[in-house]
Amino acid sequence: MKKLLVLFVVVFAALAMFADDVEWLVENVSGGQRGGTLYLTTTDGPKTLNSYQAQETSSTDILAWLFDSAMQSNNKGITSLQAMAKSFSVEETQSGTFTGVKYTFTLRKGLKWSDGVPITADDFVFTAEKIAFVNEMTANGNGAYLDDKDNLPVVKKVDDYTVTFTYEKSKFRQGYTMLGGMTIFPKHYFADKVDTPEHFKQTWTVDQIDKLVTSGPFILSEYKEGVRLVLKRNPYYYAKSKDGVQLPYLDEVVYNIVPNTNTELLKFEAGESDIFAPNAKDFPQIKSEASEKGWNVVVGGPALGSQFIAFNFNAPDKYKRAWFRNVNFRKAIAFAFDKQSIIDNLYNGLGVPLYGPTSSSSGFYDPEVENLGYRFSISKAKRYLKKAGFTWNADGKLVDKDGNIVKYTLSTNVGNNVREEIGNILSDSLAKLGIEVVFRPIAFNTLVQKLFGGDWDSIIIGLTGGVDLGDGWNVNRLDGGLHFWNYSPESQKWVDKDDYFVPDYEKRIDEIFKEQAVTLNQDKLKELFNEYQMLVAQNQILVYTVAQNYLVAYKKSVHIFNPTPSPAAPTLWKRYCIWKETK
């Protein structure tokens, strides 16, 4: 008993000392119950725990609980709110004939990593100079921080709590989003692990959860691949409610890993998970049960992310590369994909057709892409295949100019029932054109591995999206880490330098994404993003499918912070403010 009492006094003293030292982030929430476990489901566990190596949602969804940045997004998806920084500012600079811009971030005093070590400006400078700004250290490259001339900012530690980033020759536009949103890593842990990119990449793999040092509201306490992932409250988190309760409210978050979305539905209906994002096919069932089972249901606008069919411009087989690089071949596929029937039958009307890369939920959406006419027509598909140089043999099989029968593999992530059905529908439709598609759904992380390794033909997959199209730099720049359909030899060593091909429209999109980084004039910015959307749509670089409406259901005993969940700010927005009635 005496030992327990001593332990209690020590812990209490430590928390009291922490509380006295912290410049708290005070959130506009009160009356929540502290404690409890939030149960969620996922169909895949993380592939990595290193934020700078994570490109897939199975990893980034988990890392969002673990790491914070200087700033965070508001409920419109704009990075404008305090987080680890208590203040931030931007000002013009002058260097000779150049007008530049300086971003200043002032950190809260008393911030600590989950191991109790203070978080200071040294961590921010170290992360920028040794990790984020070094192209080889990150899976996405350093393009997020480059201006239109590929210059990085000068980083300066002003004092222990203030850091500045100065672009001396340009007015970098997205400083709050890219610099304020940069994930900060602990210098004391990584100082001897950034000597080589390979050493860094092997740090914080999924086998090293006991090594993880976090800044976010939770720490990772358990991960059993294919079974479960458990997050526990970070005792050093720096946010509290307006009535003085240290956040997060929740003690624990448990992700149960299940084989497919059908099992996620069953878990939610059985009360074994608290929040569920149903697909449109299942939504009417969820809605009909909501009142009896005590659920809130939300229908929002079209998702900001996108789903599409991609073709590998650098496919292993040379003759397939020729097909996939042929713009008229891709246009034929676009005409063979019946978006409206899929919306009516598979999405229960809860979706909209996508004709370009941008969701209509974004303020930058250009509706002109809808007038390009890519609507379902088998006859137009055949016409474009002829324009592409294809013919049909006596058996009705499509053949290229060298007599190769058109047959290729189409993949998606197994367990995503909607994508699997889209794959089956598309395969049937292409069969009418004499194209033989071998449809093979595979595990998500295996799919991602193939995507980055080049061993694929065609794929149905999606990307998350943001309100500002500039956030898609890593997809659209030629050196972007997610420019997966046409990686450059510099990005991926397996790409043949002698065979690498970049069409003019891709070169122009690369220029646009450099130019937008320093374009402050909103009319000019809109003009650039309109041109980008038209280039993608006209050339069907990716064949876009359907954007489902934002759909979510959650128990009424779960109190989310966002009163109006949306694609820009979903149910887990400000997750440290979520609380759950425990009785």
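An account of the accompanying structure is given in this report. (Residues numbered from 1 in each chain as written. Predicted model: local features only at pLDDT ≥ 70, side-chain atom pairs only at ≥ 80, totals over all residues. Heavy atoms only, no water.)

1. Some points on the layout of surface pockets
1) Next: Estimates place the volume of the second largest pocket at around 840 Å³.
2) Next: Taken together, 26 residues line the second largest pocket, and the ones lying closest to its centre are Gln53, Thr138, Ala139, Lys201 and Gln492.
3) Next: Looking at the lining of the second largest pocket, the element that brings in the most residues is helix α6 (residues 197-201), giving three residues.
4) Next: Counted by class, the lining of the second largest pocket contains five nonpolar, 14 polar and seven charged residues.
5) Next: If you count residues domain by domain, the lining of the second largest pocket takes at least three from each of domain 1 (71-191) and domain 2 (306-549). (1 Å grid on protein atoms, 1.4 Å probe; cavity = no way out; pocket = protein on both sides within 12 Å on 5 of 7 lines; lining within 4 Å. Points joined across faces, edges and corners; volume = space filled by probe spheres on them. Helix = DSSP H or I, 4+ residues; strand = E, 2+ residues; numbered from the N terminus. Nonpolar A, V, L, I, M, F, W, Y, C, P; charged D, E, K, R; others polar. Domains from an automatic or database assignment.)

2. Quick look at the packing of helix α9 (residues 318-325) against helix α10 (residues 327-335)
1) Next: One can describe the packing of α9 onto α10 by two numbers: an axis separation of 5 Å at closest approach and a directional angle of 70°. What the angle tells us is that α9 and α10 run roughly perpendicular. Here Trp323, Phe324 and Arg325 of α9 come into contact with α10, specifically with Val327, Phe329 and Arg330.
2) Next: Of the residues in the contact of α9 with α10, the class split is four nonpolar, no polar and two charged. (Axes fitted to C-alpha atoms, helices over the stretch in contact; angles between N-to-C directions. Parallel < 35°, antiparallel > 145°, perpendicular 65-115°, else oblique. Contact = heavy atoms within 4.5 Å.)

3. Digging into the sheet that holds strand β10 (residues 228-233)
1) Next: What the four strands build is an open sheet, ordered β2-β12-β10-β9; its pairing is mixed. Strands with a single pairing partner mark the edges of an open sheet, and in this sheet they are β2 (37-42) and β9 (218-224). When the angles between neighbouring strand axes are averaged without regard to direction, this sheet yields 20°. (Pairing = 2+ DSSP bridges.)

4. Some points on the sheet that holds strand β7 (residues 154-159)
1) Next: Strand order in the open sheet formed by four strands is β5-β6-β8-β7, and the pairing between neighbours is antiparallel. The open sheet has two edge strands with one neighbour each: β5 (85-95) and β7. Strand-to-strand twist in this sheet, taken as the mean axis angle between neighbours without regard to direction, amounts to 20°.
2) Next: As defined by bridge partners, β7 adjoins strand β8 (residues 162-167) across five bridges and the pair is classed as antiparallel. Across the sheet, residue Asp159 finds its bridge partner in β8, namely Thr162.
3) Next: Lying over the sheet, helix α3 (residues 121-132) contacts β6 (98-107), β7 and β8, oriented at roughly 170° with respect to β7.

5. Some details on the pattern of salt bridges
Two side chains with opposite charge may pair up if their charged atoms get near one another.
1) Next: Enumeration over the complete set of coordinates arrives at 33 salt bridges.
2) Next: Glu27 is the partner of Lys574 in a salt bridge, and the nearest nitrogen-oxygen pair spans 3.0 Å. Within this pair, whereas Lys574 is found in the loop between β24 (558-559) and β25 (579-580), its partner Glu27 is found in strand β1 (residues 25-27), the two being separated by 547 residues in sequence.
3) Next: A residue is classified by how much of its surface remains accessible, and Lys574, at 11% relative accessible area, is buried.
4) Next: When its relative accessible area of 6% is taken as the criterion, Glu27 is described as buried.
5) Next: The residue Asp192 makes a salt bridge to Lys193 at a minimum N-O spacing of 3.0 Å.
6) Next: Classification of Lys193 as buried rests on a relative accessible area of 16%.
7) Next: One continuous salt-bridge network, built from bridges that share partners, spans Asp150, Arg477, Asp479, Asp510 and Lys514. (Salt bridge = Lys/Arg side-chain N within 4 Å of Asp/Glu carboxyl O. Buried < 20%, exposed > 50% of the residue type's maximum accessible area, 1.4 Å probe, protein only.)

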